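Chains, contacts and geometry: an overview
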Amino acid sequence: MYSFFESVERSFDKAALLTNWEKGILAQIKACNSIYSMRFPVKMDDGRIEVIEAYRVQHSQHKTPCKGGIRFSSEVNQDEVMALASLMTYKCAIVNVPFGGAKGGIKINPRNYSAYELEKITRRYTSELVKKNFIGPGIDVPAPDYGTGEREMSWILDTYQSLKPGEIDSAGCVTGKPISQGGVHGRKEATGLGVFFGVREVCNMPNVMQKIGLTTGIKGKNVIVQGLGNVGYHCAKYFRENGAIVIAIAEYEGAVYNEKGINEEELFKHRKATGSVLNFPDASNIQVSTEALELECDILIPAALENVIDGNNAPRIKAKIIGEAANGPLTPEADAIFAERGVMVIPDMYLNAGGVTVSYFEWLKNLSHVRYGRLEKRFTENMNHHILSEIEELTGKKASDKAHKLIEHGADEIDLVYSGLEETMISATQEIMDIWLSNPSIPDMRTAAYVCAINKVGVAYKELGIFP
Ligand code: GLU
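Residues numbered from 1 in each chain as written. Predicted model: local features only at pLDDT ≥ 70, side-chain atom pairs only at ≥ 80, totals over all residues. Heavy atoms only, no water.

**Regarding the site of the ligand**
By nearness alone, 14 residues border the ligand, and Lys-67, Lys-91, Pro-144, Asp-145 and Ser-359 come closest of all. Here an oxygen atom of the ligand sits 2.8 Å away from a polar atom, N or O, in the side chain of Lys-67. For the ligand, the protein covers 95% of the area, taking 290 Å² as the surface of the free molecule. Counting residues per element, the ones that place at least two in the shell around the ligand are strand E3 (66–72), helix H3 (78–94), strand E5 (140–144) and helix H12 (354–368). Looking at the shell around the ligand, its residues break down into four nonpolar, five polar and five charged. (Near = heavy atom within 4 Å. Polar contact = N/O pair within 3.5 Å; in protein donor to acceptor, adjacent residues only side chain to side chain. Areas by Shrake-Rupley, 256 points an atom, 1.4 Å probe, with all protein chains shown as cover. Helix = DSSP H or I, 4+ residues; strand = E, 2+ residues; numbered from the N terminus. Nonpolar A, V, L, I, M, F, W, Y, C, P; charged D, E, K, R; others polar.)

Put into structure tokens, the structure is as follows:
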């Protein structure tokens, strides 16, 4: 049994053997550069003082700032944050987002705290980061992760700005902010949408699909999603909207199944109203949540936490494609079992990179101090209108109102963000596939993704001139 960080190191080592980098460079790429482990006291609503355990790990500064989310979970520990920070480095490298990797964690179950207590914890955590120079638009830029969202990012921003008055680019100290605080349209759904784009791209590759005995395309495929948080919810939504059938959704209290499909939005409302996904109309209950992962399906999307599929349950999993929306959902033992059985595992560190990709767009927006599309939207619309009018005059024919609307439309922020995300996921998928398919000694897509990441970070280190 390996720790999460050891699992990441093992996958790294396996891929490193297939590269030509010298040992020293590989050791530097793999190492966590800075680890900040902290304890601080917070007074709770009932007057009690609680000592909070928290971390921020900067895995690599080969590019700055470092980037990665902050999670609130009672499972947080240093090993986990180190593993997640490492994955961020490789993830950013693969999708060509110019950041080093980092991750933060606060060891609390947010359900056990009031909003006011959570605000105090988040603000105190942020001021600890400021004190040690572990946060800033050019240093280290946190974002949402498991158990955090826009609200926490607002608290981080406000605390940072109050401690660093007059810093012109301070809005770029954190991403995943609400729009009103400098956030970007499309960040919330970015990870789920990126997962969808990545899986769709693989499903559109005839040679790959033939190998696993599936037809090409997303339409009609049976999908199981684990997790109804931000990532799982949006994965389910995009698969459903594009013709897949989401036959089961699992949460920690249980899972629900309906072969005709489950609407994630209705299920979300049901869970909010009743406190559980169970007893959802027209669906059958699965009391032991993990059993849902073992149902017959084409695509399985674990979108919750790490290590949910291990050597024990992997042999019972029937999916032909596993899309890792969560970070580290498969243990190395599970990985080996799937590789042997020919199950296609699309690895986390590029598949869930949509979040950090759109975070990059948000950070750029903050540094440029202007919303995407503000300058060119109207110009494009006027120009398209002129072109269309000219064509109509020359041909003597009128285009329909619908065509006018579609063709004349100038890009809004959301159009540009989605387009940037789609392009990023498609090119990353193709790049990794090219590496995999062109080298017969690479056993699986995860190893290909690692080879891709190691080469990119290796080149960056070499160009920094640290290694003679
Ligand atoms: N927490 C997300 C991840 O694991 C997003 C990180 C970010 O946007 O910086 O990739």
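Anyway, onward from the coordinates.
**Considerations on the packing of aromatic side chains**
Throughout the structure, instances matching the rule amount to eleven aromatic pairs. Here the aromatic rings of Phe-196 and Phe-239 are separated by 5.3 Å at their centres, their planes lie at 85°, and the arrangement is edge-to-face. With Phe-196 in helix H6 (residues 190–203) and Phe-239 in helix H8 (residues 230–241), this residue pair connects regions lying 43 residues apart in the sequence. The buried category is assigned to Phe-196, whose relative accessible area is 2%. (Phe/Tyr/Trp six-rings, centres within 6.5 Å; stacked < 30°, edge-to-face > 60°. Buried < 20%, exposed > 50% of the residue type's maximum accessible area, 1.4 Å probe, protein only.)

**Brief notes about the side chain of Ser-289**
Relative to the assigned elements, Ser-289 resides in the loop between strand E9 (284–286) and strand E10 (299–302). A polar atom in the side chain of Ser-289 sits 2.7 Å from the backbone oxygen of Glu-251. Setting aside anything within four residues of it in sequence, one finds Ser-289 in contact with Ala-250, Glu-251, Tyr-252, Gly-254 and Ala-255. (Contact = heavy atoms within 4.5 Å.)

**Digging into the nonpolar core**
Ranked by size, the top nonpolar core spans 96 residues in total, and within it Val-199, Phe-239, Ile-301, Met-344 and Tyr-350 carry the most contacts. Considering each element in turn, this core owes the most residues, eleven residues, to H3. Contacts of Met-344, omitting those with residues within four sequence positions, involve Val-202, Val-208, Ile-212, Lys-320, Ile-321, Ile-322, Met-433, Trp-436 and Met-445. By size, the runner-up hydrophobic cluster in this structure holds 26 residues, among which are Met-44, Ile-52, Ile-106 and Val-174. (Core = buried A, V, L, I, M, F, W, Y, C linked by side-chain atoms within 4.5 Å.)

**Regarding the packing of helix H2 (residues 23–30) against helix H16 (residues 445–464)**
At their nearest, the axes of H2 and H16 sit 10 Å apart, and the two run at 105° to each other. By the angle between their axes, H2 is roughly perpendicular relative to H16. Each of Ile-25, Leu-26, Gln-28 and Ile-29 in H2 lies in contact with H16, whose residues at this interface are Ile-454, Val-457, Gly-458, Tyr-461 and Lys-462. Residues of the contact of H2 with H16, tallied by class, amount to six nonpolar, two polar and one charged. (Axes fitted to C-alpha atoms, helices over the stretch in contact; angles between N-to-C directions. Parallel < 35°, antiparallel > 145°, perpendicular 65-115°, else oblique.)

**Focus on the pattern of salt bridges**
Counted under the stated rule, the structure contains 32 salt bridges. In this structure, the salt-bridge partner of Lys-377 is Glu-381, at a minimum N-O distance of 3.1 Å. Here Lys-377 and its partner Glu-381 are both found in helix H13 (residues 377–395), four residues apart, which amounts to about one turn of the helix. Comparing Lys-377 with Glu-381 shows no difference in burial state: the two are buried. Look at the salt bridges and you will find they share partners, linking Arg-71, Glu-80, Lys-103, Asp-145 and Glu-306 into a network. (Salt bridge = Lys/Arg side-chain N within 4 Å of Asp/Glu carboxyl O.)

**With respect to empty space enclosed by the protein**
Tallying each qualifying case throughout the model produces two cavities of 30 Å³ or more. Of the pockets and cavities examined, the largest cavity occupies roughly 130 Å³. Ser-7, Val-8, Ser-11, Leu-330 and Arg-446 are, among the 14 residues lining the largest cavity, the residues nearest its centre. The greatest single-element share of the lining of the largest cavity, amounting to four residues, is contributed by helix H1 (residues 4–16). Taken together, the residues that form the lining of the largest cavity break down as six nonpolar, five polar and three charged. Looking at the second largest cavity, its volume works out to about 40 Å³. Taken together, Asp-335, Phe-338, Ala-339, Val-343, Val-345, Asp-444 and Arg-446 form the lining of the second largest cavity. (1 Å grid on protein atoms, 1.4 Å probe; cavity = no way out; pocket = protein on both sides within 12 Å on 5 of 7 lines; lining within 4 Å. Points joined across faces, edges and corners; volume = space filled by probe spheres on them.)

**A short note on the pairing of E3**
Of all seven residues in E3, seven are buried, a share of seventy percent or more. Handedness of the β-α-β unit built from E3, H3 and strand E4 (residues 100–106) comes out right-handed. Judged from the five bridges that link them, E3 and E5 form a sheet pairing that is parallel. By the bridge assignment, Cys-66 is partnered in E5 with Asp-140. (Right-handed = clockwise from strand over helix to strand, strands pointing away. Pairing = 2+ DSSP bridges.)

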